[in-house]
Amino acid sequence: MHNPGLSLCMIIKNEAQHLEKCLRSVQGLVSEIIIADTGSTDGSMEIARRSGARVIEVPWEHDFSKARNRALRLASYTWILVLDADEAIAGWKPEEVERLLETQSADGYFLPFIHYVGEFSEGDYVTDNVCRLFRNDERILFRGSIHEEVASSIWSLPGGHIAYAALPVHHYGYLDGELQRKHKTSRNLELIHSALHLEPRSIHLRYALGTEYYQQGNYNAAAEVLLPLLEEVPADSGYTADLYLKTAYALEAGGRPEEAQAVYEAGSILYADFTDLLESYAGLLMEQGELWRAYDLLQRALDSGNTAHKYPSSSGSGTSRTRLFTGQVCEQLFLYQEALDHYRQVLVYTPDDSAAWAQLAPLCLLSGQEEQLTAITRQLLPALPQRVLSRLVPAALNARAAGWLAALSAAPHLPEAIRQVLQVLLDTLFRDPEQPCTASVRLERMLLDEPDQPWISGYLWALSCRSGGPAAAGQWLERLARHRPGIAAVHRWLAQQTAGASAHPAEREPDAHTECAADEPAEAAGTDRWRERGPRHAESSNSAVPQRTADEHADSSAPPSGSSTHPELSPVTPLSFPDISYAAQLLVQTGAWYTLLLLFSPMAASRFYWSRLPQPLLYGLLHAPAPVKEQWFTMYTGQAHFYSSPCDAAEWLLYAAMANSCGLLPRLDPADEQALRQSGGPAAAIGLSYHNLLLAAKVHPQGIPVVSGSIPWLLLVKSALQAAP
């Protein structure tokens, strides 16, 4: 196989960081390398010459086309490939390239460019198709001082034709670090404004200017430039579809949704399979509450699939990302099984997609499909990296999902230290819940080998709470508090409640009908401290211990806003929701149920939202012994409620789930039912309908059929939180 008759032409300036990688990628594919250097001082020219390139020095005249065309005219082969130093090719087969160059029907080829954006480790990218492979013809030249292109000169030839070739080019110049290093934004704007001074009506330059503003996030400026172009741009410009997308999104982001919708609608008619535009339009409709219209657009995008060969696109559009988005819309439409199927399909594309796992795992657990979740996990286990496992393992622990946890413990990328802890929990607490002492002994032995492991200390603290109360757990507090200082305040809180409530010795079997909250302080930690407006997300942690919630990053240093009847609880060490959540997860995972009730009983009047806790933990709560659950909903019914938001509705739905799991009916007076209907949203309305059917069935057991196909209560909790502002 001989090299194709292909010349590589480049322009460079101070590209020593990338040039060698670029030139190495074309070895064996090009017959010569022509490089025009516009003033390098970092050794770039030496790297080029070592690679066998012919290097010429050209003056920089603030015009990319002039520099590129100087290099083109020196090419001696019949076809030309143009690359930048921060680009590289991959997967090109010489025989395929040669076949393309022997064709008589094309004067050039659009190549798929993969532009990596953000941080490279995140793997996000956008794509477009650029003509960079074309015949060596003196009439084919680059045009435009910036964002230069060669396609228009090919199309101006008699019969000029550009085909598409599936030869990807990887571009690293839009990564955050590169944009900052090269000051591309300020440089590009300066060049565009200079060129517009000479050609103020140039459509290409105005589009380039709007694009620069768009990429900077200056959406109002972008919209002002791009919107008029919709009436001027030729239909065959090659970037009209992108113009519709950028204009619509800029209008939307700039607070002009009605104008944005009009542009989206027009674009979706002209480009019915432009998946990025369909997906973006669906996002606007979701914001407006038009879920079914959004659903239809996303279905169109999924039917179109990957159309990156036709339009500018971003990673996962028409495939994995669109499926993830569709699943989220399906959840809001209460199409839970369809949502689950979409999330599963995402993992078929990308088994390590953290966002898909974050949606799939809670959905499976809250709908009672633990076995299906376990089967999916086993199927994808070899592809699960540690960063995904760090989310899934805490979810399995919180859910007390023994089968799923056993599957995860076999993952090849799970750290061995965590695997050993999981084995202890599986052998003792999960498979035989009455073995806390055996678990403690084994964990203490492990701590001798791993003396500075917070997850081991955390479990020993919780197990000691279970067997002997907070006083017995004090020996582990110092170790745990080194890594989680806020746990000391939680521990003191437990100790105070133990001392002041003789009815609650550690892990004693309580009377299920005792009112646990009636005598507690009215505002033990401040009402506002415990509120959250917004849905909970799936598990996220750096280890196999309880997850950190989104509130971890909020300011938790301020003292509680309400007065406390416990003066010994110093305002400088307040209880924060993340620390309470952390402790709750340890207590649920170790089965310290009555200590869990002790933790929360004095907070009943301060409106603590249990539904704020990690979603898999809500499933784990249903594994509690029936007396614990009965005492929990006795606590709930023993306090006053003010149903005024979806968050309040979520709390009632969780209470209903707990009652239902014990075969009991939740209680609700008519005034509260009316308040829930008015403020709880669709999830509350569905839950109230179920509630009324259950009440009717109790009165007329022979006349009311069993509700079939009903939505599990915990899924309604999830949906209620998603509706919260």
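Residues numbered from 1 in each chain as written. Predicted model: local features only at pLDDT ≥ 70, side-chain atom pairs only at ≥ 80, totals over all residues. Heavy atoms only, no water.

Draft legend 1. Region of interest: the overall build of the protein. Helix and strand counts for the protein come out as 31 helices and ten strands. Taking all 725 residues of the protein together, the buried fraction comes to 56%. Summed over its atoms, the accessible surface of the protein is roughly 30300 Å², and 52% of this surface lies on carbon and sulfur atoms. (Helix = DSSP H or I, 4+ residues; strand = E, 2+ residues; numbered from the N terminus. Buried < 20%, exposed > 50% of the residue type's maximum accessible area, 1.4 Å probe, protein only. Areas by Shrake-Rupley, 256 points an atom, 1.4 Å probe, with all protein chains shown as cover.)

Draft legend 2. Local environment of the pattern of salt bridges. Under the criterion given, the structure shown has 25 salt bridges. With its nearest N and O atoms 2.6 Å apart, the salt bridge here joins Glu331 to Lys718. Note that Glu331 is positioned in helix H14 (residues 320-332) and Lys718 in helix H31 (residues 713-722), a separation of 387 residues in sequence. Arg344 is the salt-bridge partner of Asp341, the closest N and O atoms lying 3.9 Å from each other. Here Arg344 and Asp341 lie together in helix H15 (residues 336-349), a separation of three residues that amounts to about one turn. Taking the relative accessible area as the measure of exposure, Asp341 reaches 30% and is therefore partly exposed. Among the residues examined, Arg344 registers a relative accessible area of 30% and is labelled partly exposed. In this structure, a network of salt bridges that share partners links the residues Arg68, Asp84, Glu87, Arg132 and Glu148. (Salt bridge = Lys/Arg side-chain N within 4 Å of Asp/Glu carboxyl O.)

Draft legend 3. Structural view of helix H8 (residues 203-216). For H8, built from 14 residues, the straight-helix expectation of 20 Å at 1.5 Å per residue is met to within 8% by its first-to-last C-alpha distance of 20 Å. For H8, the tally of buried residues reaches ten of 14 residues, placing the bulk of the element in the interior. Among the residues of H8, those classed as buried are Leu205, Arg206, Tyr207, Ala208, Leu209, Gly210, Thr211, Glu212, Tyr213 and Tyr214. Within two residues after H8, Gly217 carries a phi angle of roughly 85°, on the positive side. (Expected span 1.5 Å × (residues − 1).)

Draft legend 4. Representation of the pairing of strand E7 (residues 125-135) within the structure. Bridging between strand E4 (residues 79-82) and E7 involves three bridges; their strand directions are antiparallel. Counterpart to Ile80 in the pairing with E7 is Phe134. Summarising the sheet, strand E6 (residues 108-116) and E7 pair through nine bridges and their orientation is antiparallel. By the bridge assignment, Gly108 is partnered in E7 with Phe134. (Pairing = 2+ DSSP bridges.)

Draft legend 5. Quick peek at the packing of aromatic side chains. Scanning the model with the defined rule gives 22 aromatic pairs in all. Ring centres of Tyr116 and Tyr172 lie 5.3 Å apart, and the angle between their planes is 10°; this geometry places the pair in the stacked category. Highlighted residues: Tyr116 in strand E6 and Tyr172 in the loop between strand E9 (169-171) and helix H6 (176-182), separated in sequence by 56 residues. For Tyr116, a relative accessible area of 14% corresponds to the buried category. With a centroid separation of 6.1 Å and 75° between ring planes, the pair formed by Trp652 and Trp713 is classed as edge-to-face. Pair noted here: Trp652 is in helix H28 (residues 646-661) and Trp713 is in helix H31, with a separation of 61 residues, a long-range link. (Phe/Tyr/Trp six-rings, centres within 6.5 Å; stacked < 30°, edge-to-face > 60°.)

Draft legend 6. Representation of the pairing of strand E1 (residues 6-12) in the model. When you tally the buried positions in E1, you get seven out of seven residues, the bulk of the element. Side-chain alternation along E1 places Leu6, Leu8, Met10 and Ile12 on one buried face and Ser7, Cys9 and Ile11 on a second face that is also buried. Across four bridges, the pairing between E1 and E4 is parallel. Counterpart to Leu6 in the pairing with E4 is Trp79. Handedness of the crossover is the feature at issue here: the chain leaves E1, passes through helix H1 (residues 19-25), returns alongside strand E2 (residues 32-37), and the resulting connection is right-handed. (Right-handed = clockwise from strand over helix to strand, strands pointing away.)

Draft legend 7. Looking closely at the environment of Ala36. In this structure, Ala36 sits in strand E2. In this structure the C-alpha to C-alpha distance between Ala36 and Leu74, which are 38 residues apart in sequence, comes to 9.9 Å. If sequence neighbours within four positions are ignored, Ala36 has contacts with Met10, Ile11, Ile12, Ile56, Val58, Ala67 and Ala71. (Contact = heavy atoms within 4.5 Å.)

Draft legend 8. Structural context of the packing of H8 against helix H9 (residues 219-226). Contact geometry for H8 and H9: axes closest at 8 Å, N-to-C directions at 165°. Of the possible angle classes, the one that applies to H8 and H9 is roughly antiparallel. The handedness of the crossing between H8 and H9 is left-handed. Contact residues: Arg206, Tyr207, Leu209, Gly210, Thr211, Tyr213 and Tyr214 in H8; Tyr219, Ala221, Ala222, Val225 and Leu226 in H9. Here the contact of H8 with H9 is composed, by residue class, of nine nonpolar, two polar and one charged. (Axes fitted to C-alpha atoms, helices over the stretch in contact; angles between N-to-C directions. Parallel < 35°, antiparallel > 145°, perpendicular 65-115°, else oblique. Left-handed = near helix turned anticlockwise from the far one by under 90°. Nonpolar A, V, L, I, M, F, W, Y, C, P; charged D, E, K, R; others polar.)

Draft legend 9. Up close: the side chain of Gln261. Along the chain, the position of Gln261 falls in helix H11 (residues 257-270). Under the relative-accessibility criterion, Gln261 is labelled buried at 18%. Side-chain polar atoms of Gln261 contact the side chain of Gln288, separated by 3.4 Å. Residue contacts for Gln261: discarding those within four places in its chain leaves Tyr281, Leu284, Leu285, Gln288, Glu290 and Arg293. (Polar contact = N/O pair within 3.5 Å; in protein donor to acceptor, adjacent residues only side chain to side chain.)

Draft legend 10. Representation of the confidence of the model for the protein within the structure. Summarising the model, the protein shows a mean pLDDT of 84, and 85% of its residues fall at 70 or more. Between residues 502-506, whose pLDDT stays under 50, and residues either more than four places distant or in other chains, the model counts eight contacts. Predicted confidence for residues 548-572 stays below pLDDT 50, and this span has 44 contacts to residues more than four positions away or in other chains. (pLDDT = per-residue confidence, 0-100.)

Draft legend 11. Representation of the nonpolar core within the structure. Counting 195 residues, the largest nonpolar core has Phe134, Trp357, Trp404, Trp461, Phe600 and Trp652 as its most contacted members. Looking at this core, the element that brings in the most residues is helix H22 (residues 454-483), giving twelve residues. Setting aside chain neighbours within four positions, we find Trp404 in contact with Ala361, Leu365, Glu370, Leu373, Thr374, Thr377, Leu392, Ala395 and Ala396. In this structure, Val26, Trp79, Trp92 and Leu100 belong to the second largest nonpolar core, which totals 35 residues. (Core = buried A, V, L, I, M, F, W, Y, C linked by side-chain atoms within 4.5 Å.)

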